[in-house]
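# A structural walkthrough
As a plain string of letters, each chain reads:
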Amino acid sequence: MEIPPLTNGFELVYKKPRTLTETPMHYCPGCGHGVVHRVLMEVVDEMGIQDKTIGVAPVGCSVFAYDYMNVDMQEAAHGRASAAATGIKRVLPDRFVFSYQGDGDLAAIGTAETIHVVNRGENILMLFINNAVYGMTGGQMAPTTLLGMKTTTSPFGRESGLAGHPLKITNLLAQLPGAYYVTRQAVHTAAAVRKLKKAIQLGFQYQSLKKGTCFIEVVSNCPSGWKMTPTDSNKWLEENMLPMYPLGDLKTPARSMN
Amino acid sequence: MSTNDEISEVRIMKGNEALAEAAFRAGMQAYFGYPITPQSEVIEYLMKEQPKHDCVVLQAESEVAAINMVFGAAGAGARVMISSSSPGISLMMEGISYMTSAELPCLIVNVQRGGPGLGTIQPSQGDYFQATKGGGHGDYRLIVLAPASVQEMADFVFEGFRLSEKYRNPAMILADGALGQMMEKLTLPPAGSLPYVDKPWATTGKPAGKDRRIITSLFIQPEKMEQVNLHLQEKYRQIQAEEVRFEEYGVEDADIVLVAFGLVARICQKTMQLARKKGLRVGILRPITLFPFPSQRIAELAPKLEAIVTVEMNAGQMLEDVRLAVEGRCPVHFKGRMGGMIPSPDEVLEAVEAIAEKRNFELSR
């Protein structure tokens, strides 16, 4: 599509990558998913790998990711995105394969697949969006829900005696020899988005080395599920989520040489 | 023994191993599985022989993971097989339902053992309902082939792949523990005799200038989901019309026809011999495809018969399909064993004699 030089009398200086489709996203205002989709597809576009990339969407809020991402995609069963991605990558080892999952999908129902995919060191990029609730089904408690945090299935706040503790699955995965690059990023500020993009670039670049799984957790917000305005949710994220899920690299290739 | 898989070859093999070797020869490109008795020889054989072939063989962490790996690999266009035994197949039901909706071809092998529950490792046909009526959620069907010999354990791999790719629907080989474990002479089909088909729908990376491919079983608008269902039902009708397979022995002059599939059909062959020696005109109808079921043939035979006896290693599952086909045109009896027990030719004969003499007999002991 030809981009007109002027839009409503203004010069277009920031446009969507051609790896995103024209479909309007269904995400709630202020949700981090749209930003992650965009950054992910920017990287695919800039690396020129649209024709070599296959994505796997999860069950959860990003179940329709394939409506927005203009690459070949599969929609997996709940929790099984990384298993489906394994199947794809094993038969098409020269393609770039990523899975995209939320916290309930990746760290509750799909925990076994998550751990074993990383333990086998499948050469894929796993994106893990952690917003501490089940967004799609209406804000129920997730494995990553903070202690004391109210959700529709922890109406008095998560209590460890009943519901256990927030699961830091990324820390767990970083211990596995099959993990090549493990990092925790966020999208609540412009600076965080830029860092996430860098991490996703590495995640795709490392795939060609065939040295193991790249795993990126994105600590994100859920304004609707948290019942907050987008601005408040980002503030709450910084004050409550980040102390539990601190940002930064958990395993980098240099350190994994040890 | 040196192997040249370019030619057909006579071997003596276990059913499980014959199936595994046939899968390589049928051009299988990926296998995902998880060990379970009585079919673990499949993955063991594949792992041992894999270095000679251009094929992914991966032991998954569970049957749940394995079937979803199959989903991914089939969606990426590969010819994929998965095998397990009854409890493991139960774990795959979700993934199988998804694959029917996303119209992904693959070959699923169930070397059945006795259930329910953890059950026993001895042979059974207790998963007939699960295999032919759906098993997972939603309105779907598998193409189900029931081998009765080690030869067919190999041959049906080719047929299963072919049919699943022709219809973009998972196919299942419904065997049992005895077929998997027993050794017989067979002729292995030559490698390369099953051509690959074009899969323009496969997610192999969006070709420049063309639309992206999406493999999904999610159609959230009910109007769209209904259309998908109508399409699937039309496909199942076409399969029913074109792919029914069965075998008959001695039905021309028969008064009593035994309907049996798989291993039990072979047991019934011995019963038929014994019965004929005693002057009883007994024939056999052996459904080879369990879906599509040879209902039409059974309906044709029924009015000419004194009785039909369905013989199964379960509590009477195919029996329901036989009765639906017969629609009251002749009496339909059942003889079976359960829980890993195999009926002997003599006990089937006892049932046949009782039916011929209109006496009571023990349905299942």
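Cut-offs and rules
Residues numbered from 1 in each chain as written. Chains lettered and ligands numbered in written order. Predicted model: local features only at pLDDT ≥ 70, side-chain atom pairs only at ≥ 80, totals over all residues. Heavy atoms only, no water. Helix = DSSP H or I, 4+ residues; strand = E, 2+ residues; numbered from the N terminus. Rg over C-alpha atoms; globule rule 2.2 N^0.38 Å. Buried < 20%, exposed > 50% of the residue type's maximum accessible area, 1.4 Å probe, protein only. 1 Å grid on protein atoms, 1.4 Å probe; cavity = no way out; pocket = protein on both sides within 12 Å on 5 of 7 lines; lining within 4 Å. Points joined across faces, edges and corners; volume = space filled by probe spheres on them. Nonpolar A, V, L, I, M, F, W, Y, C, P; charged D, E, K, R; others polar. Salt bridge = Lys/Arg side-chain N within 4 Å of Asp/Glu carboxyl O. Contact = heavy atoms within 4.5 Å. Phe/Tyr/Trp six-rings, centres within 6.5 Å; stacked < 30°, edge-to-face > 60°. Pairing = 2+ DSSP bridges. Expected span 1.5 Å × (residues − 1). Polar contact = N/O pair within 3.5 Å; in protein donor to acceptor, adjacent residues only side chain to side chain. Domains from an automatic or database assignment. Buried area = accessible area lost by both parts, 1.4 Å probe. Core = buried A, V, L, I, M, F, W, Y, C linked by side-chain atoms within 4.5 Å. Axes fitted to C-alpha atoms, helices over the stretch in contact; angles between N-to-C directions. Parallel < 35°, antiparallel > 145°, perpendicular 65-115°, else oblique. Left-handed = near helix turned anticlockwise from the far one by under 90°.

For chain B, the helix and strand inventory stands at 12 helices and 15 strands. Taking 2.2 N^0.38 as the reference for a compact globule, 365 residues should give roughly 21 Å; the C-alpha atoms of chain B span a radius of gyration of 21 Å, in line with that estimate. Each of the three principal axes of chain B carries a C-alpha extent, and together these read 75 × 55 × 35 Å. Expressed as a percentage of the 365 residues in chain B, the buried residues total 61%.

Before going further, it helps to spend a moment on the layout of surface pockets. Empty space within the largest pocket amounts to approximately 350 Å³. Taken together, 19 residues make up the lining of the largest pocket; nearest its centre are Ile214, Thr216, Leu218, Phe219 and Lys224 of chain B. Elements supplying a minimum of two residues to the lining of the largest pocket: helix 2 (65-68) of chain A together with strand 9 (214-215) and helix 8 (222-242) of chain B. Looking at which element gives the most residues to the lining of the largest pocket, the answer is helix 8 of chain B, with 4 residues. For the lining of the largest pocket, the per-class residue count stands at 11 nonpolar, 3 polar and 5 charged.

In this section: the pattern of salt bridges. Enumeration over the complete set of coordinates arrives at 42 salt bridges over all chains. Across the pair Arg95 of chain A and Asp94 of chain A runs a salt bridge, and its minimum N-O distance is 2.7 Å. Given a relative accessible area of 52%, Asp94 of chain A falls into the exposed group. Across the pair Arg162 of chain B and Glu159 of chain B runs a salt bridge whose closest N-O atoms are separated by 3.0 Å.

This brings us to the environment of Gly164 of chain A. Residue and element names in this part refer to chain A. On the secondary structure map, Gly164 appears in the loop between helix 6 (160-163) and helix 7 (169-174). Residues Gly164 and Leu147, 17 residues apart in the sequence, show an inter-C-alpha distance of 8.6 Å. With near-sequence residues (within four places) excluded, Gly164 lies in contact with Leu147, Arg158 and Glu159.

Attention shifts here to the packing of aromatic side chains. Residues and elements named next belong to chain B. In total, this model carries 10 aromatic pairs over all chains according to the counting rule given. Seen from their ring centres, Tyr236 and Phe291 are 6.3 Å apart, and the 90° between their planes marks the pair as edge-to-face. Of this pair, Tyr236 sits in helix 8 while Phe291 sits in strand 13 (residues 289-291), and the two are 55 residues apart along the sequence. Judged by relative accessible area, Tyr236 falls into the buried class, the value being 3%.

All names here are of chain A. Where burial is concerned, the two faces of strand 4 (residues 72-75) agree: the one with Asp72 and Gln74 and the one with Met73 and Glu75 are both buried. Of the pairings in the sheet, the one linking strand 3 (residues 53-57) to strand 4 comprises 4 bridges and is parallel in character. Counterpart to Ile54 in the pairing with strand 4 is Asp72.

Our focus in this paragraph is helix 3 (residues 63-75) of chain B. Given 3.6 residues per turn, any residue in an α-helix points the same way as the ones three and four places further on. Residues and elements named next belong to chain B. Taking 1.5 Å per residue as the helical rise, helix 3 with its 13 residues ought to reach 18 Å, and the 18 Å between its terminal C-alpha atoms agrees with that figure. Counting buried positions over the 13 residues of helix 3 gives 13, a clear majority of the element. Structurally, the start of helix 3 carries an N-cap: the backbone nitrogen of Val64 is 3.3 Å from a side-chain oxygen of Ser62. With its phi angle positive at about 100°, Gly77 sits one or two positions after the end of helix 3.

Residues and elements named next belong to chain B. Taken domain by domain, chain B comprises domain 1 (9-197 + 232-240) and domain 2 (246-356). The distance between the C-alpha centroids of domain 1 and domain 2 comes to 26 Å. Each side of the interface is counted separately: domain 1 has 32 residues, and domain 2 has 25 residues. Carbon and sulfur atoms make up 56% of the surface buried where domain 1 meets domain 2, a total of about 2300 Å² over both sides. The three residues of domain 1 that bury the most area against domain 2 are Gln125, Tyr128 and Phe129, which together make up 30% of that side's buried surface.

When a protein is soluble and globular, its nonpolar side chains tend to lie buried together. All names here are of chain B. Counting 125 residues, the largest nonpolar core has Phe32 and Met81 as its most contacted members. It is helix 6 (residues 150-167) that provides the largest number of residues to this core, a total of 9 residues. Residue-level mapping places this core at the junction of two domains, with at least three residues from each of domain 1 (9-197 + 232-240) and domain 2 (246-356). Among residues more than four places away in sequence, those in contact with Met81 are Leu19, Ala23, Met28, Ala30, Tyr31, Phe32, Val42, Leu46, Val70, Leu107, Val109 and Phe161.

What follows deals with helix 1 (residues 15-25) of chain B. All names here are of chain B. Among the 11 residues that make up helix 1, 10 are buried, leaving the element largely enclosed by the rest of the structure. Every buried residue belonging to helix 1 is among Gly15, Asn16, Ala18, Leu19, Ala20, Glu21, Ala22, Ala23, Phe24 and Arg25, and all of these are buried. Once helix 1 ends, the next one or two residues include Gly27, with phi positive near 80°.

Here the focus is the sheet that holds strand 4 (residues 80-84) of chain B. All names here are of chain B. Across the sheet, which stays open at both edges, the 7 strands sit in the order 3-2-4-5-7-6-13 with mixed pairing between neighbours. Either end of the sheet is taken by a strand with one partner, and the two such strands are strand 3 (56-59) and strand 13. Going across the sheet, the axis of each strand differs from the next one's by a mean of 20°, ignoring polarity. As judged from the 2 bridges shared by strand 2 (residues 30-33) and strand 4, these two strands associate in the parallel manner.

The geometry of helix 3 (residues 81-91) of chain A relative to helix 3 of chain B is characterised by a closest axis approach of 6 Å and an angle of 50° between their N-to-C directions. Taken together, the axes of helix 3 of chain A and helix 3 of chain B lie oblique to each other. Between helix 3 of chain A and helix 3 of chain B the crossing geometry is right-handed. Residues Ala83, Ala84, Thr86, Gly87, Ile88 and Val91 of chain A of helix 3 of chain A touch helix 3 of chain B, and the partners they reach there are Ala65, Asn68, Met69, Gly72 and Ala73 of chain B. Counted by class, the contact of helix 3 of chain A with helix 3 of chain B contains 7 nonpolar, 4 polar and no charged residues.

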